[in-house]
Amino acid sequence: MSTPAEFPVTWAPRRTRAVLLPVCALLVVMFAVIAVALPQNWQLNDRIMMALSGALFAAAGLMLARPRVSADADGITVVNFVRSRRLAWEEIVRVNFRQGDPWATLDLADGTSLAAVGIQSGVGKAQAIADARALRDLVESRGRA
């Protein structure tokens, strides 16, 4: 069993974050420079909107960099693009990561399922499978405790 020895444990697409965070910073700087460098016939509100556009694009990028799954002794926290949800170990029935799935899903005791976007195949299939198995092992061992 591949249960981690110590808590907390976090699974996140680190390469995605490593690319998106600098790109977001670059977008803010680039749009600010463009706003300042616009021709004289552009008005102040045009310049402000140009700078705000860069901030809006950066915010969208930061939202894409947000997903993660964190586990501790009491349960897990699933942070997806917009929402975050805290689950006790007993609430999780099963961890699914089928072939072709973009990310892992959690089957919950209330009959619903929850996407765990922090464990995704886009960062490498072998790594995503290993991460899903580690989470599955934790759910199986902690959920019965």
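Whatever comes next refers back to the structure up there.
Throughout, a residue's number is its position along its own chain's written sequence, starting from 1. Local features in a predicted model are, by the rule used here, given only for residues with pLDDT of at least 70; side-chain atom pairs are given and counted only at 80 or more, and totals for whole chains, interfaces and linings are based on all residues. Each side-chain value is derived from all of the structure's non-hydrogen atoms; neither hydrogens nor water enter the calculation.

**Regarding helix α1 (residues 14–37)**
Spacing of three or four residues puts side chains on the same side of an α-helix, whose turn is 3.6 residues. Taking 1.5 Å of rise per residue, the 24 residues of α1 would be expected to cover 34 Å, and the 35 Å separating its terminal C-alpha atoms lies within 8% of that figure. Type-normalised accessible area, obtained with a 1.4 Å probe on protein chains alone, sets the label of each residue: buried when under 20%, exposed when over 50%, and partly exposed for intermediate values. Comment: elements are numbered from the N terminus, with helices defined as DSSP H or I runs of at least four residues and strands as E runs of at least two. Those residues of α1 lying buried are L20, C24, L27, F31 and A35. Looking at the buried positions of α1, the neighbouring elements they touch are α2 (44–64). One fewer than the residue count of a helix, multiplied by 1.5 Å, yields its expected span. Contacts are residue-level and defined by heavy atoms, with any inter-residue pair within 4.5 Å sufficient.

**Notes on the environment of R133**
Its location among the elements puts R133 in helix α3 (residues 125–143). For R133, a relative accessible area of 47% corresponds to the partly exposed category. C-alpha of R133 to C-alpha of S70: the two residues are 63 residues apart in sequence and 14 Å apart in space.

**What to know about the pairing of strand β2 (residues 68–72)**
Here three bridges tie strand β1 (residues 9–11) to β2, and the two strands are oriented antiparallel to one another. Within the sheet, the bridge partner assigned to T10 lies in β2 and is S70. When DSSP finds at least two bridges between two strands, those strands are taken to pair. Taking the residues between adjacent antiparallel strands as the criterion, β2 and strand β3 (residues 75–79) are bridged by two residues.

**Some points on the packing of aromatic side chains**
Classification of ring pairs uses Phe, Tyr and Trp, with its six-membered ring standing for Trp, and accepts pairs whose centres are within 6.5 Å; under 30 degrees between planes counts as stacked, over 60 as edge-to-face, and the remaining range as tilted. The full count for this structure, using the stated rule, is three aromatic pairs. Plain terms: the ring middles of F7 and W89 are 6.5 Å apart, the flat faces sit at 40° to each other, and that makes the pair tilted. In this pair, F7 sits in the segment before β1 while W89 sits in the loop between β4 (84–88) and β5 (92–96), placing the two residues 82 residues apart along the sequence. Note on F81 and W103: the rings are 6.3 Å apart at their centroids and 75° apart in plane angle, and the pair reads as edge-to-face. Highlighted residues: F81 in the loop between β3 and β4 and W103 in strand β6 (residues 103–108), separated in sequence by 22 residues.

**Examining the nonpolar core**
By nonpolar core we mean a set of buried residues, namely Ala, Val, Leu, Ile, Met, Phe, Trp, Tyr and Cys, connected to one another through side-chain atoms within 4.5 Å. Grouped together as the largest cluster of nonpolar side chains are 23 residues, with contacts concentrated most on W11, I76, L87, W89, I92, L106 and L135. Top element by residues in this core is α3. It accounts for six residues. When sequence neighbours within four positions are dropped, the list of residues in contact with I76 reads V69, S70, A71, R85, R86, L87, W89, I92, L106 and L135.

**Here's the deal with a nonpolar patch on the surface**
On the surface, a cluster of nonpolar side chains totalling about 410 Å² of accessible area is made up of L44, I48, M49 and L52. The residue I48 is located in helix α2 in this model. Patch definition: residues with relative accessible area over 30% and no salt bridge; like charges joined within 9 Å; nonpolar side chains (Val, Leu, Ile, Met, Phe, Trp, Tyr) joined within 5 Å. Calculation of accessible area relied on Shrake-Rupley with a 1.4 Å probe; when residues are assessed, cover is drawn exclusively from the protein chains displayed. When a carboxyl oxygen of Asp or Glu is within 4 Å of a side-chain nitrogen of Lys or Arg, the pair counts as a salt bridge.

**Considering the environment of L108**
Looking at the secondary structure, you find L108 in strand β6. Note: C-alpha distance between L108 and I48 (60 residues apart in sequence) is 46 Å. Not counting residues within four places of it along the chain, the set of residues in contact with L108 comprises R85, L87, E91, I92, V93 and L114.

**Section: the sheet that holds β2**
The four strands lie next to each other as β1-β2-β3-β4, forming an open sheet whose pairing is antiparallel. Both outer strands of the open sheet, β1 and β4, are each paired with one neighbouring strand and no more. Ignoring strand direction, the axes of neighbouring strands in this sheet form an average angle of 15°. Bridging between β2 and β3 involves five bridges; their strand directions are antiparallel. Looking at the pairing, V69 lines up with V78 of β3. Here the axes come from fitting lines to C-alpha atoms, over the contacting stretch only for helices, and the angles between their N-to-C directions go from 0 to 180 degrees.

Remember that the coordinates give geometry; whether it matters functionally is a separate question.
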